[in-house]
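This is what each chain is made of:
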Amino acid sequence: MSVMEMSHRGKEFLSIIQKAESDLRSLLYIPPDYTILFLQGGATTQFAAAPLNLCSSPTDAVDYIVTGSWGDKAFKEAAKYCNPKSIWSGKSDKYTKIPNFDSLNQTPGAKFLHICANETIHGVEFKSYPTPAGQNEVLVADMSSNFCSKPVDVTKFGMIYAGAQKNVGPSGVTIVIIRSDLIGNAQAITPVMLDYKIHADNNSLYNTPPCYGIYMCGLVFEDLVEQGGLAEVEKKNVRKGSLLYDAIDGSKGFFRCPVEKSVRSLMNVPFTLAKPELEAEFVKEAAKEKMVQLKGHRSVGGMRASIYNAMPLAGVEKLVAFMKDFQARHDHA
């Protein structure tokens, strides 16, 4: 019987979801006082669910650090359910940096401080994390695009959420890791499917979950454990990222990465060509070499190489070789 045919309440599927949770706990060293939820609706649904669950009233203050498009979307959605304040935005610098945490002007009494740990479109990644100023305030992070790409100290966060589809499984599964004492105070208007207490009390089985997706996530967690855990996975990602960034920085300006070096993403590497008129040709020639989806997001242009966990080192080596060859043929200035 395929996982797609199983009853989500049968013992066969129970063993699958329990093993997936157990392996994720060991990978991220998640303490017992944190609850893991396997949900649906993508991280975008959590833009609403976080303030609905962590704020007791729509007037509660919440702080957002906006380092890219996704942080901005989270901030805008939150305005429907709490009183959010963008305490720092990188928009004026075209989202190429992360602020000095000491200089942040945090709101007294804020319920949580929200960050997007890795911005896929702009290629900006937090390498360390801010500390919320309030005694009872917690740090909340959207980790969709760098989840399980490196070790993370979960205890620094009140809540971590992530769409599975970048590093751990197919789209359709959303993982929430939340400190258990934060569950159970949702606003009265919270829809039943967004109430963490409902899902926690039912072990993520309140209604039929994305069973096959959770099964796939479980297989990936097993593989990450076999690779030696997230410290080993991070080493591989650092090697891939360094190779690509070194090629960009060593191209004498033919290729350029706009992101400040200290916060460059190991998952998404944006770059432009000194001659923008060559960008379409670069994408076309790369496609002939079986390298696809290198066109940058429409909002920023240029190129973007997404080198998630599943991208092998050989794939990055091939791209770097192609970039050097392309430059040799086109750099006649």
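The model shown is predicted, which means the values in this text are computed figures rather than measured ones. (Residues numbered from 1 in each chain as written. Predicted model: local features only at pLDDT ≥ 70, side-chain atom pairs only at ≥ 80, totals over all residues. Heavy atoms only, no water.)

(A) Seen up close, the UniProt feature "domain: Aminotransferase class V" (unreviewed entry) in the protein chain. Using the residue numbers shown here, the UniProt feature "domain: Aminotransferase class V" (unreviewed entry) corresponds to residues 5-319. In the segment residues 5-319, helix accounts for 32% and strand for 18%; the C-alpha atoms at its two ends are 41 Å apart. (UniProt positions renumbered as here; feature names shortened; annotations may be inferred. Helix = DSSP H or I, 4+ residues; strand = E, 2+ residues; numbered from the N terminus.)

(B) The sheet that holds strand 11 (residues 268-273), seen in detail. On the basis of which strands lie adjacent, the open sheet formed by three strands has the order 10-11-12 and antiparallel pairing. Unpaired on one side and paired on the other, strand 10 (255-256) and strand 12 (303-306) mark the two borders of the sheet. Across the face of the sheet, helix 6 (residues 230-249) comes into contact with strand 10, strand 11 and strand 12 while running at roughly 15 degrees to strand 11. (Pairing = 2+ DSSP bridges. Contact = heavy atoms within 4.5 Å. Axes fitted to C-alpha atoms, helices over the stretch in contact; angles between N-to-C directions.)

(C) A look at helix 5 (residues 211-226). Taking 1.5 Å of rise per residue, 16 residues should cover 22 Å, and helix 5 covers 23 Å from first to last C-alpha, within 8% of that figure. Those residues of helix 5 not exposed but buried are Cys 211, Gly 213, Ile 214, Cys 217, Gly 218, Phe 221 and Leu 224. Across the axial projection of helix 5, the buried residues extend over an arc of 155 degrees, all falling on one side. Of the surrounding secondary structure, the elements contacted by the buried residues of helix 5 are helix 1 (11-28), strand 1 (34-39), strand 9 (174-179) and helix 6. Among the residues trailing helix 5, Gly 228 stands out with phi positive, at a value near 110 degrees. (Expected span 1.5 Å × (residues − 1). Buried < 20%, exposed > 50% of the residue type's maximum accessible area, 1.4 Å probe, protein only. Arc of directions from axis to C-beta.)

(D) Up close: the pairing of strand 7 (residues 138-142). Counted residue by residue, strand 7 has five buried out of five residues, so it is predominantly covered. Every second residue of strand 7 is oriented toward a common face, with Val 138, Val 140 and Asp 142 on one face and Leu 139 and Ala 141 on the other, all of them buried. Inspection of the sheet shows strand 4 (residues 112-116) paired to strand 7 by five bridges, in the parallel sense. Its bridge partner lying in strand 7, His 114 is registered against Val 140. As paired elements, strand 7 and strand 8 (residues 159-163) share three bridges and run parallel to each other. Paired with Ala 141 across the bridge in strand 8 is Ile 160.

(E) How the structure looks around the nonpolar core. Grouped together as the largest cluster of nonpolar side chains are 73 residues, with contacts concentrated most on Phe 147, Ile 175, Ile 177, Phe 221 and Phe 282. Considering every element that reaches this core, the biggest residue donor is helix 1, with seven residues. Not counting residues up to four positions away in its chain, the partners in contact with Ile 175 are Leu 24, Ile 36, Leu 37, Phe 38, Phe 147, Ile 160, Tyr 161, Ala 162, Val 168 and Phe 221. One finds Ala 48, Ala 74, Cys 82 and Ala 200 within the second-largest nonpolar core, a separate group that totals 30 residues. (Core = buried A, V, L, I, M, F, W, Y, C linked by side-chain atoms within 4.5 Å.)

(F) Helix 7 (residues 279-288), seen in detail. Of all the residues in helix 7, the buried ones are Glu 279, Phe 282, Glu 285 and Ala 286. The buried side chains of helix 7 occupy one side of the element, clustering within an arc of 125 degrees when seen end-on. Of the exposed residues in helix 7, the ones pointing more than 90 degrees away from its buried face are Ala 280 and Lys 288. Structurally, helix 7 contributes buried residues whose contacts are with strand 10, strand 11, strand 12 and helix 8 (313-330).

(G) Spotlight on the sheet that holds strand 4. In spatial order, the strands read 1-9-8-7-4-2-3; together these seven strands make up an open sheet with mixed pairing. Both outer strands of the open sheet, strand 1 and strand 3 (83-89), are each paired with one neighbouring strand and no more. With strand direction ignored, the average angle separating the axes of adjacent strands in the sheet is 15 degrees. Here helix 1 sits on the sheet in contact with strand 1 and strand 9, set at roughly 130 degrees to strand 1. Relative to the sheet, helix 2 (residues 42-54) contacts strand 1, strand 4, strand 7, strand 8 and strand 9, its axis offset from that of strand 8 by approximately 160 degrees.

(H) Up close: the packing of helix 7 against helix 8. Where helix 7 contacts helix 8, the two axes come as close as 11 Å, and the packing angle between them is 130 degrees. Of the possible angle classes, the one that applies to helix 7 and helix 8 is oblique. By crossing handedness, the relation of helix 7 to helix 8 is classed as right-handed. On the side of helix 7, the interface is formed by Glu 281, Phe 282, Glu 285 and Ala 286, while helix 8 contributes Leu 319, Phe 322, Met 323, Phe 326, Arg 329 and His 330. Looking at the contact of helix 7 with helix 8 residue by residue, the classes come out as six nonpolar, one polar and three charged. (Parallel < 35°, antiparallel > 145°, perpendicular 65-115°, else oblique. Left-handed = near helix turned anticlockwise from the far one by under 90°. Nonpolar A, V, L, I, M, F, W, Y, C, P; charged D, E, K, R; others polar.)

(I) Spatial organisation of the packing of aromatic side chains. By the definition in use, this model includes 14 aromatic pairs. Linked through ring pairs, Phe 254, Phe 255, Phe 271, Phe 282, Phe 322 and Phe 326 together constitute an aromatic cluster. Here the basic side chain of Lys 73 rests over the ring of Trp 70, its NZ or CZ set 4.3 Å away from the ring centre. (Phe/Tyr/Trp six-rings, centres within 6.5 Å; stacked < 30°, edge-to-face > 60°. Lys NZ or Arg CZ within 6 Å of the ring centre and 35° of its normal.)

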